[in-house]
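A structural walkthrough
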Amino acid sequence: MPSIAVLGGGISGLAAAWFLKQRGAEVTIFEKGTPGGAIRTKVKKSLVLDLGPNSLRDKSGELLQLIFELGLKEELLVIEKAFKTRSIVRNGKMQFLKPSLASFLSTDLLSLKAKLRVFTEPFQPSGTEKEESIGSFLRRRVGKEAVNYLADPILSGIYAGDIEKLCKTEILPELTRYESDYKSLIIGMLFKNKTKNYSQKETVFNFRNGMQTLPNCLAEKLSSELIHTKVTCIKFMNNHIKVTTEDDDYSFDQVLSCLPAHVLSSLIFEYAPDLSNHLEKIHYPAVLSTCVTYSNKDIPNNTDAFGFLVPRIEGFDLLGAIWKSSIFPSHTPEGQKQFTLLAGGVHKAIKKSEIAKTQNKIIKEFSSIMNINADPIDIDHLYWEKAIPQQNLGYWKIRSAVSNFMKIHKNFTIGGNYLWGVSIPDCIKQAKLTAQQLF
Ligand SMILES: Cc1cc2nc3c(=O)[nH]c(=O)nc-3n(C[C@H](O)[C@H](O)[C@H](O)COP(=O)(O)OP(=O)(O)OC[C@H]3O[C@@H](n4cnc5c(N)ncnc54)[C@H](O)[C@@H]3O)c2cc1C
């Protein structure tokens, strides 16, 4: 069995190491900080604050299978129904939307003209450009207003990115395929729903003690393979790779990098300056995640929904709010309500020195949207200086440089969210596939 080093113990690295260990490989993981990377939970008495990701969405059942394997079944908190109702802000007011035709027809989020334009989608001509931004792609298909008030807030909420730069084939590969296969996104989606396997119900969940339960469990099960140190150098030797850390030198048959792109960039500069430059340029905008808790009596709105998103066109700093108490009530003590507010991203670069100012502003914006006239009883935040990698136009050049590098250095594999997809389920799925292909 080969000896394999996994660099970076975020969810990508931990999951890959877990699957490699299951296959009998001799694995060592190097993690410089808290295992779980971007997944961070803080528990304050009976308040569970998720300061990074707030939920997991499993479409295929694969993620749940891992969770059961890890013995975390009893820890699961599954959202029953609230996640189906979303709201999007228009003219400063929340407009609720459910995934149904009736809800789409009755919502005030879009004008009648914009709704009619959406229904003309199957008759719109297909695009000819291979490289296209999500903004341009969806404007062609469903019209400008639906992009401004639906696509922009939904995608900004997930990627904190700019839809005029995010690449359609990277972010929406399925919709891109529907256009080429069915000449329509609506027909493609209807066809997919018809052929869907209904035994695989989509599940959205968290854990009793918050999102960090998953990486904590993996880190505990991999405790004899996990080394808490920073990787400072890698050297390609004849038939092995030398990994140098702040504390020691190690030698491995193979290495799997699950480090952020900018970290790997400096480690491989000597061997591949071209790839190193590409990786360095991947933009990770900053995101400020703020958890606010209020007394129940101060929340006038019915909060039985996932939360709300704010389109850029509304001019707010707030990207959106997750109604944590509606989706995971046990994370907040009785008599209180908790919300996670997100700000930052590509459109509103937040510097470290502006955290307090931004926090005050977004709490005011949140209060105005929610009609709240009181101050929170608890505020906590985490500033992610480099939060989410942006898969922008031209990303194929990065993928091609990565693939060329791996062809030359066959014992070095590159993974992590900037190649595997930013959602945690995508990272885990690709970690499993990679572990199956390494030896
Ligand atoms: C605010 C926020 C909200 C999000 N919300 C969701 C959500 O609700 N649902 C969802 O599915 N996804 C969400 N995501 C995305 C998801 O959390 C990430 O894409 C995913 O966790 C990334 O995992 P990773 O292991 O690829 O990278 P990372 O988590 O970045 O892990 C990389 C690891 O490498 C380590 N490292 C760095 N340098 C070194 C070095 N020199 N030596 C050793 N180790 C090193 C780091 O400490 C880190 O632990 C969110 C992300 C953020 C920031």
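As shown above, the structure is provided for reference.
Residues numbered from 1 in each chain as written. Predicted model: local features only at pLDDT ≥ 70, side-chain atom pairs only at ≥ 80, totals over all residues.

1. Considering the packing of helix α1 (residues 11–22) against helix α10 (residues 213–221)
Threshold: The axes used here are C-alpha line fits, helices contributing only the stretch in contact, and every angle between their N-to-C directions lies in the interval 0 to 180 degrees. What counts as a helix is a DSSP run of H or I of at least four residues, what counts as a strand is a run of E of at least two, and both are numbered from the N terminus. Roughly parallel refers to an angle under 35 degrees, roughly antiparallel to one over 145, roughly perpendicular to one between 65 and 115, and oblique to any angle outside these ranges. Helix crossings are classified by the rotation of the near helix relative to the far one: an anticlockwise turn of less than a right angle makes the crossing left-handed, while a clockwise turn makes it right-handed. Residues are defined as contacting one another if the C-beta atoms placed from their backbone atoms lie within 7 Å. Think of it as three bins: nonpolar holds Ala, Val, Leu, Ile, Met, Phe, Trp, Tyr, Cys and Pro, charged holds Asp, Glu, Lys and Arg, and polar takes everything else, Gly as well.
Axis separation between α1 and α10 bottoms out at 10 Å; the angle between their running directions is 45°. Overall, the two elements α1 and α10 adopt an arrangement that is oblique. The chirality of how α1 crosses α10 is left-handed. On α10, the residues that touch I11, L14, A15 and W18 of α1 are P215, L218 and A219. Broken down by class, the residue content of the contact of α1 with α10 amounts to seven nonpolar, no polar and no charged.

2. Things to note about helix α5 (residues 134–142)
Working note: α-helix, 3.6 residues per turn, so residues spaced by three or four point in the same direction. Note the threshold: As a rule, residues whose C-beta atom has 12 or fewer other C-beta atoms within 10 Å are exposed, those with 20 or more are buried, and those in between are partly exposed; C-beta atoms are placed from the backbone. The reported arc concerns the directions from the helix axis to the C-beta atoms and nothing else.
Listing the buried residues of α5 in full gives I134, G135, F137, L138, R141 and V142. Seen from one end, α5 has its buried residues packed into an arc of 165°, which puts them on one side. After α5 finishes, the residue G143 shows a positive phi value of roughly 95°.

3. Overview of the environment of I154
Inspection of the secondary structure assignment puts I154 in helix α6 (residues 144–159). Residue classification places I154 among the partly exposed positions, given that 16 C-beta atoms sit within 10 Å. Along the sequence, I154 and R86 sit 68 residues apart, while their C-alpha atoms lie 10.0 Å from each other.

4. Description of the sheet that holds strand β5 (residues 56–58)
Rules: What makes two strands pair is DSSP finding at least two bridges between them.
The antiparallel open sheet is built from three strands, whose spatial order is β5-β9-β6. Of all the strands in the sheet, the pair left with one neighbour each is β5 and β6 (76–78). Ignoring strand direction, the axes of neighbouring strands in this sheet form an average angle of 40°. Two elements, β6 and strand β9 (residues 203–207), share three bridges in a ladder whose sense is antiparallel. Bridge pairing links V78 to F205 in β9. In this fold helix α2 (residues 62–69) packs onto β5, β6 and β9, with an angle of close to 110° to the strand it touches most, β5.

5. Looking at the site of the ligand
The cut-off we apply is this: The criterion for a residue being near a molecule or strand is a backbone-placed C-beta atom within 6 Å of that molecule or strand. The split of the chain into domains comes from an automatic or database domain assignment.
Neighbouring residues of the ligand: 36 residues in total, closest G8, G10, S12, G37 and P53. Those elements giving two or more residues to the shell around the ligand turn out to be α1, β2 (26–31), β15 (287–295) and α17 (424–437). By residue number, the principal contributor to the shell around the ligand is α1, which donates three residues. Its residues placed into classes, the shell around the ligand shows 19 nonpolar, 14 polar and three charged. Built from parts of two domains, the shell around the ligand gets at least three residues from each of domain 1 (3–36 + 222–283 + 392–437) and domain 3 (284–384).

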